[in-house]
Amino acid sequence: MCGIVGYIGFEDVKEIILNGLEKLEYRGYDSAGLAMINEAGVHIFKDKGRIANLRKIVDDTVVATLGIGHTRWATHGVPNRINSHPHQSSSKRFTLVHNGVIENEDILRKKYLNDVKLESDTDTEVIVQLIQKFVENGETVDLAIRHTMSELHGSYALAILDKEDDNTIYAAKNKSPLLVGVGEGFNMIGSDAM
């Protein structure tokens, strides 16, 4: 089962996300990844295997106070780095992690994304590409996310980053668990109360 962790606050996000992902290890997974935003842009680290493998590839010199992380149990596409989350839109503006299964992803690919080269075999990449497509068609980010959600059939919990807004984690859910934690000077999201 997939797991999601997100953090926005004043602390460096790396250890917070990695520790959160370690707490989700009991759910089972085949790959893990994290994305962080700072003034230099979006930094993504992901690979198949254990959180310990992810720890080895995360660049300690990257400092950020906003990020999302994911543990994946493959439902679409083999366990490998390309299919691991987070996924990005083709413009690299939007970064997304997803827990759940999108049942109509083939229909959505044909309806909206014929002109978009998808890099992975996942249903998750379809979601992030739809958000970008709707923004390119003139919708605000909020509206594009809502529009995308209205098109999805299945279960999902989503955490979304926008490279142009380093003060926000967008979160959405349908059926899949997603909790929001409000703290003093920080907020978190997670797919498990742990």
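Going by the structure above, here's the rest.
Residues numbered from 1 in each chain as written. Predicted model: local features only at pLDDT ≥ 70, side-chain atom pairs only at ≥ 80, totals over all residues. Heavy atoms only, no water.

**Observations regarding the overall build of the chain**
Assigned secondary structure in the chain consists of 5 helices and 10 strands. Its C-alpha atoms give the chain a radius of gyration of 15 Å, near enough to 16 Å, the size a compact globule of 194 residues would have. Based on the C-alpha atoms only, the size of the chain along its principal axes is roughly 40 × 30 × 30 Å. Taking contacts inside the chain between residues at least 6 apart in sequence as the whole, the part at least 24 apart equals 64%. Averaged over its 21 positive side-chain charges, the chain has a centre that lies 5 Å from the centre of its 28 negative ones. (Helix = DSSP H or I, 4+ residues; strand = E, 2+ residues; numbered from the N terminus. Rg over C-alpha atoms; globule rule 2.2 N^0.38 Å. Contact = heavy atoms within 4.5 Å. Lys, Arg positive; Asp, Glu negative; His and termini not counted. Charge placed at Lys NZ, Arg CZ, Asp CG, Glu CD.)

**Considering unusual backbone geometry**
A positive phi angle, close to 70 degrees, is found at Lys 92, a residue other than glycine. Although it is not a glycine, Lys 175 adopts a positive phi angle of roughly 75 degrees.

**Examining the packing of aromatic side chains**
The full count for this structure, using the stated rule, is 2 aromatic pairs. Where Tyr 7 meets Phe 186, the ring centres are 5.9 Å apart and the plane angle is 20 degrees; that geometry is what we call stacked. Linking Tyr 7 in strand S1 (residues 3–8) with Phe 186 in the loop between strand S9 (179–182) and strand S10 (187–190), this pair joins segments that are 179 residues apart in sequence. Judged by its relative accessible area of 3%, Tyr 7 falls in the buried class. Between the aromatic rings of Tyr 112 and Phe 134, the centroid separation amounts to 5.2 Å while the plane-to-plane angle is 90 degrees, which identifies the pairing as edge-to-face. Of this pair, Tyr 112 sits in helix H3 (residues 105–112) while Phe 134 sits in helix H4 (residues 123–136), and the two are 22 residues apart along the sequence. (Phe/Tyr/Trp six-rings, centres within 6.5 Å; stacked < 30°, edge-to-face > 60°. Buried < 20%, exposed > 50% of the residue type's maximum accessible area, 1.4 Å probe, protein only.)

**Brief notes about the pairing of strand S4 (residues 66–72)**
Burial within S4 is extensive, with 7 of its 7 residues counted as buried. Taken together, the 6 bridges between S1 and S4 define a ladder with antiparallel strand orientation. Paired with Ile 8 across the two strands is Leu 66, which belongs to S4. One ladder, built from 7 bridges, connects strand S2 (residues 31–38) with S4; its direction is antiparallel. Residue pairing across strands places Gly 33 opposite His 70, the latter belonging to S4. (Pairing = 2+ DSSP bridges.)

**Regarding the sheet that holds S10**
Sheet architecture is open: 6 strands sit in the order S3-S2-S4-S1-S10-S9, paired in antiparallel fashion. Whereas interior strands pair on both sides, the edge strands pair on one side only; in this sheet they are strand S3 (41–48) and S9. Taken pair by pair, the neighbouring strands of this sheet meet at an average axis angle of 10 degrees, ignoring direction. Relative to S10, S9 is paired through 4 bridges, and the arrangement is antiparallel. Across the sheet, residue Val 182 finds its bridge partner in S10, namely Asn 187. In the packing of helix H1 (residues 13–23) onto the sheet, the strands contacted are S1, S2, S4 and S10, and the crossing angle to S4 comes to about 25 degrees. (Axes fitted to C-alpha atoms, helices over the stretch in contact; angles between N-to-C directions.)

**Some remarks on the environment of Ile 107**
You can see Ile 107 is positioned in helix H3. Under the relative-accessibility criterion, Ile 107 is labelled exposed at 57%. Separated by 57 residues in the primary sequence, Ile 107 and Arg 50 place their C-alpha atoms 33 Å from one another.

**Comments concerning the sheet that holds strand S5 (residues 87–88)**
Sheet architecture is open: 4 strands sit in the order S5-S6-S7-S8, paired in antiparallel fashion. Single-partner strands in this sheet number two, and they are S5 and strand S8 (165–174). Of the strand pairs in this sheet, strand S7 (residues 154–162) and S8 are connected by 6 bridges, and their pairing is antiparallel. Within the sheet, the bridge partner assigned to Ala 159 lies in S8 and is Ala 171. The strands touched by H4 are S5, strand S6 (94–102) and S7; relative to S6, the strand with the most contacts, the crossing angle is about 130 degrees.

**Let's talk about H4**
Over its 14 residues, H4 runs 21 Å from end to end, which matches the ideal 20 Å to within 8%, given 1.5 Å per residue. Burial within H4 is extensive, with 13 of its 14 residues counted as buried. (Expected span 1.5 Å × (residues − 1).)

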